[in-house]
Amino acid sequence: MLFGLEILFALVSLAVALWLRPWRMLHGALLTPALAAVVLLPGLWLLPQALPQGLAIQFSGASLLVLMLGWPLAVLALSLVALAVWGIGPADTWAVLSQWVWIGLVPATLALGIGVLLRRWLPPNPFIYTLGRGFLGTAVAVFASGLLMELLHRLAGAPALEQALVARWLMAWGDAFLTGMFAAICVAFAPQWLATWSDERYLK
């Protein structure tokens, strides 16, 4: 049942992303961060194989991709990352599928929802963008995705739920720190790399 849920979520996300045709945005400045994500993220996603007890936690990067590329293009980039992890890593197809869904697609979708709420209820301010969407929003999205995954993956021989949640909580803040830092740097020096940033909205 859980496998079917993962397949369904992945297929729906990919279908919606393809229907929106986000590759049209690659003709501009977004080609650079998109290529960087496809090159760098597979290595970071392969890190769990070196962790003790096979604890499947690592840097997600999904929230940062949503900020830089927008959700549809981020979904396509995460799909290519998952394909690279499947091709060069030793994990089987089902493990990579689970990683693609819970480390990539779910936090990316949650980050999109958090961004929509912040745009709706808070004023357009650069600090709201960098701290709200980049830092706190990432922490919430990554931890919520990990929490949901752990609750659904109570398999025999897995680490204790409490230990896994503590690890995911710490990793979520690490992800949040890096995402917030890169978001702030891009706002200051390369706003053209942020599809979700607008000078007219945030700096008027």
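Read on for a plain summary of the structure. (Residues numbered from 1 in each chain as written. Predicted model: local features only at pLDDT ≥ 70, side-chain atom pairs only at ≥ 80, totals over all residues. Heavy atoms only, no water.)

1. Looking at the nonpolar core
Thought 1: By size, the foremost hydrophobic cluster in this structure holds 43 residues, and its most contacted members are W45, L65, L69, L78 and L194.
Thought 2: Looking at this core, the elements with two or more residues in it are α1 (2-19), α2 (31-45), α3 (62-69), α4 (71-88), α5 (93-121), α6 (126-152) and α7 (161-189).
Thought 3: Here this core takes 10 residues from α4, the largest share from any one element. (Core = buried A, V, L, I, M, F, W, Y, C linked by side-chain atoms within 4.5 Å. Buried < 20%, exposed > 50% of the residue type's maximum accessible area, 1.4 Å probe, protein only. Helix = DSSP H or I, 4+ residues; strand = E, 2+ residues; numbered from the N terminus.)

2. Comments concerning the side chain of T138
Thought 1: With respect to the secondary-structure elements, T138 resides in helix α6.
Thought 2: Polar side-chain contacts of T138 include one of 2.7 Å to the backbone oxygen of G134.
Thought 3: Residues within four places of T138 in sequence aside, it is in contact with S63, R133, D175, A176 and T179. (Polar contact = N/O pair within 3.5 Å; in protein donor to acceptor, adjacent residues only side chain to side chain. Contact = heavy atoms within 4.5 Å.)

3. Side note on the packing of α3 against α4
Thought 1: With their axes 7 Å apart at the nearest point, α3 and α4 run at an angle of 130 degrees to one another. Overall, the two elements α3 and α4 adopt an arrangement that is oblique. Crossing handedness for the pair α3 and α4: right-handed. Residues A62, L65, V66 and L69 of α3 lie in contact with α4, whose contacting residues are W71, L73, A74, A77 and L78.
Thought 2: Grouping the amino acids of the contact of α3 with α4 by side-chain chemistry returns nine nonpolar, no polar and no charged. (Axes fitted to C-alpha atoms, helices over the stretch in contact; angles between N-to-C directions. Parallel < 35°, antiparallel > 145°, perpendicular 65-115°, else oblique. Left-handed = near helix turned anticlockwise from the far one by under 90°. Nonpolar A, V, L, I, M, F, W, Y, C, P; charged D, E, K, R; others polar.)

4. Examining the packing of aromatic side chains
Thought 1: Under the counting rule described, the total for this entry stands at six aromatic pairs.
Thought 2: Centre to centre, the rings of Y129 and W197 are 5.2 Å apart; their planes meet at 75 degrees, and the pair counts as edge-to-face. Taken together, the positions of Y129 in helix α6 and W197 in the loop between α7 and α8 (199-202) put the pair 68 residues apart, joining distant regions of the chain. For the pair Y129 and W197, one class covers both residues: buried.
Thought 3: The rings of F135, F143, W169 and W173 are connected pair by pair, giving a single aromatic cluster.
Thought 4: One residue, R120, lies across the ring of W121, its end atom 4.4 Å from the ring centre.
Thought 5: If you follow R201 out to its NZ or CZ, it ends over the ring of Y202, 5.4 Å from the centre. (Phe/Tyr/Trp six-rings, centres within 6.5 Å; stacked < 30°, edge-to-face > 60°. Lys NZ or Arg CZ within 6 Å of the ring centre and 35° of its normal.)

5. Considering α1
Thought 1: Along its 18 residues, α1 runs 26 Å from first to last C-alpha, staying within 8% of the 26 Å computed at 1.5 Å per residue.
Thought 2: Among the residues making up α1, those that are buried are E6, A10, S13 and A17. The buried side chains of α1 occupy one side of the element, clustering within an arc of 70 degrees when seen end-on. Facing away from the buried surface of α1 by more than 90 degrees, the exposed residues are L8, L11 and W19.
Thought 3: Residues of α1 that are buried make contact with α4 and α5.
Thought 4: Of the residues trailing α1, R21 is marked for its positive phi of about 50 degrees. (Expected span 1.5 Å × (residues − 1). Arc of directions from axis to C-beta.)

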